Amino acid sequence: MTANVLAIDGPAGSGKSTTALAVAERLGFAHLDSGALYRAFTLAAIDAGLPLGAGARIAALVRTLPIRLVLGPQGFRPEVAGADVSEAVRRADVTAQVSAVSALPEVRAVANDLLREAAALHPRGVVVDGRDIGTVVFPEAPLKIYLSASAEARARRRLEQEGRAHDAGSVAEETRRLAARDRADAGRAIAPLRAAADAVALDTTDLSFEGQVDAIVELARNVFS
Ligand code: DC
């Protein structure tokens with residue numbers, strides 16, 4: 001396994017993926033979005049008509065299709081049976097079901113194998129974002145960041161990013177949706193969302209995007225020199 005893993009964990013909407021991509025570009029590392037992999041599993045299960053609690057069947061499907069992480073210019077992207085699904089994994093039905101699929105132990109075991117294999121392929125290093133990257137997938141990562149922000153700040157950013165209305169009602173509704181996903185991700189029995197004991201906590205509620213990227217790049221330059 002490559003030793004150069006920068007792990008970024010945090011709740012939905014904390015800006016992990018956009019931050020991880022920007023940090024990876026600045027360091028010359030590849031970005032590896034573990035959430036996109038869980039989304040690809042969910043997409044495949046929905047499209048195959050599998051019941052979403054069928055862990056062993058979903059794990060078998062994922063291996064036979066197969067679902068892979070392929071290195072491109074923007075980092076690793078998920079492919080299902082050779083097709084790039086980076087866009088399709090953002091579908092609303094996938095977002096609604098992904099917490100349930102990612103709670104299945106058989107599914108997590110396959111995901112962890114794929115993530116470790118992908119990371120080992122990159123000669124320079126990887127910035128991996130998710131929920132359990134620093135705690136379970138790469139517990140030896142030399143640098144772990146735990147990104148957080150208030151649920152309301154995350155909701156507002158998400159609506160702005162997606163060009164949707166961000167009046168008080170929409171922000172309140174998105175805040176509720178994010179809080180429900182936080183509860184599902186933090187409350188599950190296996191690999192719950194939590195900060196690793198040795199993670200650097202970064203609350204981005206009052207930080208600009210550039211500010212949070214700069215802060216992580218500076219930490220990384222000291223660790224991966
Ligand atoms: O970061 P995201 O919203 O794309 O993640 C999608 C889902 O996948 C999220 O509900 C939690 C799950 N996930 C996980 O369980 N473990 C990870 N390492 C990454 C994501």
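Before going into details, it helps to say that this report is about the structure given with it. (Residues numbered from 1 in each chain as written. Predicted model: local features only at pLDDT ≥ 70, side-chain atom pairs only at ≥ 80, totals over all residues. Heavy atoms only, no water.)

This part is about the site of the ligand. Around the ligand, the surrounding shell holds 17 residues, and the nearest of these are Arg 39, Arg 108, Arg 131, Asp 132 and Arg 188. Here an oxygen atom of the ligand sits 3.2 Å away from a polar atom, N or O, in the side chain of Ser 99. Within the side chain of Asp 132, a nitrogen or oxygen atom sits 2.8 Å from a nitrogen atom of the ligand. With the chains in place, 97% of the 450 Å² that the ligand exposes on its own is no longer accessible. At 4 residues, helix H2 (residues 34-47) tops the list of elements feeding residues into the shell around the ligand. Classifying every residue of the shell around the ligand gives 3 nonpolar, 5 polar and 9 charged. (Near = heavy atom within 4 Å. Polar contact = N/O pair within 3.5 Å; in protein donor to acceptor, adjacent residues only side chain to side chain. Areas by Shrake-Rupley, 256 points an atom, 1.4 Å probe, with all protein chains shown as cover. Helix = DSSP H or I, 4+ residues; strand = E, 2+ residues; numbered from the N terminus. Nonpolar A, V, L, I, M, F, W, Y, C, P; charged D, E, K, R; others polar.)

Attention now goes to the packing of helix H1 (residues 16-27) against helix H9 (residues 209-223). Interaxial distance between H1 and H9 falls to 9 Å at its minimum, and their mutual angle equals 50°. One element, H1, and the other, H9, form an angle in the oblique class. The interaxial crossing formed by H1 with H9 has right-handed handedness. Of the residues in H9, those in contact with Thr 18, Thr 19, Ala 22, Val 23, Arg 26 and Leu 27 of H1 are Phe 209, Gln 212, Val 213, Asp 214, Ile 216, Val 217, Ala 220 and Arg 221. The class makeup of the residues in the contact of H1 with H9 is 8 nonpolar, 3 polar and 3 charged. (Axes fitted to C-alpha atoms, helices over the stretch in contact; angles between N-to-C directions. Parallel < 35°, antiparallel > 145°, perpendicular 65-115°, else oblique. Left-handed = near helix turned anticlockwise from the far one by under 90°. Contact = heavy atoms within 4.5 Å.)

What follows is about the sheet that holds strand E4 (residues 75-80). Spatially, the 3 strands line up as an open sheet ordered E3-E4-E5, and their pairing is antiparallel. Across the chains shown, the open sheet's two edge strands, defined by having one partner strand only, are strand E3 (67-72) and strand E5 (83-84). In the sheet, E3 pairs with E4 via 6 bridges, with the strands oriented antiparallel. Bridging from a neighbouring strand, Ile 67 pairs with Val 80 of E4. This element, H2, spans E3 and E4 of the sheet and lies at about 140° to E3. (Pairing = 2+ DSSP bridges.)

With respect to the helices, strands and loops of the structure, Ile 67 is situated in strand E3. For Ile 67, a relative accessible area of 2% corresponds to the buried category. Through-space distance from the C-alpha of Ile 67 to that of Glu 79 is 5.6 Å; in sequence the pair is 12 residues apart. Every residue in contact with Ile 67, bar those within four places of it in the chain, is listed here: Leu 37, Ala 40, Phe 41, Ala 44, Val 62, Glu 79, Val 80 and Leu 114. (Buried < 20%, exposed > 50% of the residue type's maximum accessible area, 1.4 Å probe, protein only.)

This part covers the nonpolar core. Within the largest apolar cluster, 39 residues are counted, with the highest numbers of intra-cluster contacts made by Leu 32, Leu 37, Phe 41, Ile 58, Ile 67, Leu 69 and Phe 138. Apart from residues lying up to four places away in sequence, Ile 58 is in contact with Phe 41, Ala 45, Leu 50, Pro 51, Leu 52, Val 101, Leu 104 and Val 107. Grouped together as the second largest cluster of nonpolar side chains are 18 residues, Ala 20, Ala 22, Leu 143 and Leu 147 included. (Core = buried A, V, L, I, M, F, W, Y, C linked by side-chain atoms within 4.5 Å.)

A separate point is the sheet that holds strand E1 (residues 5-9). The sheet built from 5 strands is open, its strands ordered E2-E6-E1-E7-E8 with parallel pairing. Whereas interior strands pair on both sides, the edge strands pair on one side only; in this sheet they are strand E2 (30-33) and strand E8 (200-203). Across this sheet, the average inter-strand angle for adjacent strands is 20°, counted without regard to direction. Along the sheet, H1 contacts E1, E2, strand E6 (126-130) and strand E7 (143-148); its crossing angle with E6, the most-contacted strand, is approximately 175°. Helix-sheet contacts for H9 involve E1, E7 and E8, and the interaxial angle to E7 is about 165°.

What is shown is where atoms sit, not what they do.
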